[in-house]
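Survey of secondary and tertiary structure
Take a look at the letters that make up each chain.
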Amino acid sequence: MDLVRDVLDKQLVDREGEEMGRVDGVILEIRPDGPPRIEAFELGFVVLARRIHPRVESWLNWLRARWSVRKTARYRIPWAKVQEIREGEIQVDLRAQETPAYDWEIWLRRNVIRHLPGGGE
Amino acid sequence: MKKWMQLALGILTGVGGFFDIGNLATSAQAGASFRFQLLWSLLLATVFVIFLVEMSGRFAAVSGKALPDAIRERFGFTFWAGPFLILTIIHVLVLGAEIGGICFALHLVSGLPVPLLAPVVGILVWLLLWRTTFSTLENSTSFLGFLTLAFVIAVVVHHPPLREIGAGMVPSLPHHDPAKYWYIAVSIVGAVLAPYLFYFYSSGAVEDKWDCKYIGVNRGISFIGMGFGSLIAMAAIVVAAVVLAPRGIQVDDYHQAALMLTDAFPFWGFVLFAVAMGIACLGAAVEVGLSMAYATAQTFGWNWGEDLEPREDARFCLVYTVAILISSLIILFGVDPFKLTLLTMVISAAALPFVAIPFLLLMNDRKTLGEHTNGWISNTVTVLVVILSGVLALVSIPLTLIGGS
């Protein structure tokens, strides 16, 4: 398996097949007695910003300090939760709605969409 | 049978989606200033768009993935972030031009000032996206898109000189205003090869759950649908050449373009132009808005789909809501829709490399497409588009400065 080709930037789906973001970053564990191992996937705009430039990251952090909706800027999905790596998507044993990956979605539903005509139940 | 229904719908989508504000503005300008001489650039762009649309549909049918999704996955976020940001800005401007076009069409029939109509039109476009499903949109906007056939009927009424039309299909050097000539040629290519078209079409194929069985249908849709749309744009050039050019009318505003159909349809021409323009722009506005939401949701891996209720994909809906809001504000603050249209066509042409280059790599990816990768003809055309897009990126901005005024 090729880390960058087969894992990074891939679509993540939860156990019901709901889209829950992409693999924005990968955390590796460097072991003294063997090759590095994937410890977790990282999700979040801050993770993406860092890949562009550290300055973009610090700028985003500044924004986040004022208006964040998400409880954690970086959401980590441990490798143990990975169910299956398929062509085009990675399935994890979680429920998207219960994870920080859905914080923005749920906040928007409650605070914006619901107040627009036809956006309620 | 169901697949053939898709073909019919797809052709309708082509009619509704191809001919928009950009084609109207550039066709009117080309015909009024250079008669039939710029038909070749439309023909060339049509050949390119047929191939690129076919590729984006084939990719979606085989892989089950739309283009923005595949580009982020294959090329990574660091490659895609820049183009994605630039295309998003372009699409907000294009959406502004389309909304401005609808406002202008309403202005023609109501006499109300264009900026004042922007809030009403913005809400109308938003409601269409907010309340309806994908297939309803596909059917309604494209069915009404048939009204743009008025341009083709006008051509028949006018009996234009066929030999001159034929001669216009072959590239030739201009006799006057070379900078303006090349500037319009570039704008025509930018108007036809609109980036949103490919993101919309491939996402639509995913929404309609296409698989490998649709490859033939997809080929038919691309060829007939885009060809038909191009026919209307060509008809608009011919009508502008016959009606506007002999009177020395130069098009630098939609008011002049609105005279195009008055010779062929003495009483109804004006209204017919307004209706055709309004419908064409409405169809395109819906497509641009959706395309932005598709591209953003796929780039970040959010849940998406026009058939979901707004509360089921809040972030997806927020994207088009904000886009429509900003675009309507641009028109409300008094930006001239015609100037905005021409500006966006040139910027679209300049951004074409971002759209074209991913095709070359994605369409030759054996791991994803298996036996359905590009053949040598498609690859040759893609390489030509990439080369052309590079040239356009270099010349479009300088040309605007010399030939655009």
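As shown above, the structure is provided for reference.
When its secondary structure is counted, chain A shows 4 helices and 7 strands. Starting at the N terminus and ending at the C terminus, chain A contains elements arranged as α-β-β-β-β-α-α-β-β-β-α. Seen along its three principal axes, the alpha-carbon backbone of chain A occupies a region of about 60 × 35 × 20 Å. Taken across its 121 residues, chain A has 26% of its residues classed as buried. Counting only contacts in chain A whose residues sit at least 6 apart along the sequence, the fraction spanning at least 24 positions is 47%.

Let us now look at the overall build of chain B. Along chain B, the regular secondary structure elements total 19 helices and 0 strands. A compact globule built from 405 residues should have a C-alpha radius of gyration of about 22 Å, and chain B, at 20 Å, falls within 12% of that. Its C-alpha atoms give chain B principal-axis dimensions of about 55 × 45 × 45 Å. The 405 residues of chain B split such that 59% are buried. The contacts of chain B with a sequence gap of at least 6 include a subset with a gap of at least 24, amounting to 86%.

Right, let's talk about helix H15 (residues 314-332) of chain B for a bit. For H15(B), with 19 residues, the first-to-last C-alpha span of 26 Å sits near the 27 Å given by 1.5 Å per residue. Gly334(B) occupies a position one or two residues after H15(B) and carries a positive phi of about 95°.

Bringing the nonpolar core into the picture now. All names here are of chain B. By size, the foremost hydrophobic cluster in this structure holds 172 residues, and its most contacted members are Ile237 and Val239. With 20 residues, the single largest contributor to this core is helix H14 (residues 269-300). Excluding residues that lie within four positions of it along the chain, Val239 makes contacts with Gly31, Phe151, Ala154, Val155, His158 and Met260.

Residues and elements named next belong to chain A. Read across the sheet, 4 strands follow the order S2-S1-S7-S6 without closing on themselves; strand pairing throughout is mixed. With partners counted over all chains shown, the strands left at the sheet margins are strand S2 (19-22) and strand S6 (82-86), one partner each. With direction set aside, neighbouring strand axes in the sheet form an average angle of 25°. Where S6 meets strand S7 (residues 89-92), 4 bridges bridge the pair, whose relative direction is antiparallel. Of the residues in S7, the one forming a bridge with Glu84 is Gln91.

With that settled, the discussion passes to the pairing of strand S5 (residues 75-78) of chain A. All names here are of chain A. A one-sided burial pattern is seen for S5, the buried positions being Tyr75 and Ile77 and the unburied ones Arg76 and Pro78. Strand direction decides the pairing type here: strand S4 (residues 37-43) and S5, joined by 4 bridges, are antiparallel. Residue Glu42 lies in a different strand from S5, and its bridge partner there is Arg76.

Let's shift gears to the packing of helix H2 (residues 45-52) of chain A against helix H5 (residues 77-110) of chain B. The interhelical angle for the contact between H2(A) and H5(B), taken along N-to-C directions, is 95°, at an axis separation of 9 Å. For the element pair H2(A) / H5(B), the angle class is roughly perpendicular. Here Leu48(A), Arg51(A) and Ile52(A) of H2(A) lie close against H5(B), whose contacting residues are Phe77(B), Thr78(B) and Ala81(B). Taken together, the residues of the contact of H2(A) with H5(B) sort by class into 4 nonpolar, 1 polar and 1 charged.

Listed as interface residues are 22 residues of chain A and, on the opposing side, 21 residues of chain B. Looking at the side of chain A that touches chain B, the elements that each hand over two or more residues are strand S1 (11-13), S2, H2 and helix H4 (103-111) of chain A. Considering each element in turn, the side of chain A that touches chain B owes the most residues, 4 residues, to H4(A). Class assignment for the residues of the side of chain A that touches chain B results in 8 nonpolar, 5 polar and 9 charged.

Turning our eyes to something else, we now look at the packing of helix H2 (residues 21-34) of chain B against helix H16 (residues 337-350) of chain B. Working note: a packed helix pair is described by the angle between its axes plus the distance between those axes. Residue and element names in this part refer to chain B. Taken N-terminus to C-terminus, the directions of H2 and H16 make an angle of 100°; their axes are 10 Å apart at the nearest point. Here H2 lies roughly perpendicular to H16, going by the angle between them. Every residue of H16 that contacts H2 at Ile21, Gly22, Ala25 and Thr26 is listed here: Phe338, Thr341, Leu342 and Met345. When the residues that make up the contact of H2 with H16 are grouped by side-chain class, the tally is 5 nonpolar, 3 polar and no charged.

Turning to unusual backbone geometry, a few remarks are in order. Residues and elements named next belong to chain B. Positive phi, close to 45°, is recorded for Arg35, a residue that is not glycine. Checked against the element boundaries, Arg35 lands in the loop between H2 and helix H3 (39-63). The phi angle at Lys209 is positive, at roughly 55°, despite the residue not being glycine.

This part takes up the environment of Gly301(B). Take Gly301(B): it is sitting in the loop between H14 and H15. Judged by local crowding, Gly301(B) falls into the buried class, with 24 C-beta atoms found within 10 Å. Spatially, the C-alpha atoms of Gly301(B) and Arg72(B) are 9.5 Å apart, while their sequence positions differ by 229 residues. Among all residues touching Gly301(B), those that are not within four sequence positions of it are Gln11(A), Leu12(A), Glu19(A), Gly21(A) and Arg22(A).

Analysis parameters
All chains use their own residue numbering, which begins from 1 and follows the written sequence. Both sets of labels track the order of writing: A upward for chains, 1 upward for ligands. Thresholds applied to this predicted model are a pLDDT of at least 70 for local features of residues and 80 or more for the giving and counting of side-chain atom pairs; totals over whole chains, interfaces and linings are not thresholded and use all residues. What counts as a helix is a DSSP run of H or I of at least four residues, what counts as a strand is a run of E of at least two, and both are numbered from the N terminus. Here a residue counts as buried when 20 or more other C-beta atoms sit within 10 Å of its C-beta, as exposed when there are 12 or fewer, and as partly exposed otherwise, the C-beta atoms being derived from the backbone. We call two residues in contact when their backbone-placed C-beta atoms lie within 7 Å. Note on method: radius of gyration uses C-alpha positions; expected globular size equals 2.2 Å times residues raised to 0.38. Expected span, for any helix, means 1.5 Å times one less than how many residues it has. Here, a nonpolar core means buried Ala, Val, Leu, Ile, Met, Phe, Trp, Tyr and Cys residues linked by C-beta atoms lying within 7 Å of one another. Two strands qualify as a pair provided that DSSP identifies no fewer than 2 bridges between them. All axes here are fitted lines through C-alpha atoms, helices being fitted over the stretch that makes contact, and every angle between N-to-C directions spans 0 to 180 degrees. By the definition adopted for this analysis, an angle is roughly parallel if under 35 degrees, roughly antiparallel if over 145, roughly perpendicular if from 65 to 115, and oblique otherwise. Residue classes follow a fixed rule: Ala, Val, Leu, Ile, Met, Phe, Trp, Tyr, Cys and Pro count as nonpolar, while Asp, Glu, Lys and Arg count as charged, and any other residue, Gly among them, counts as polar.

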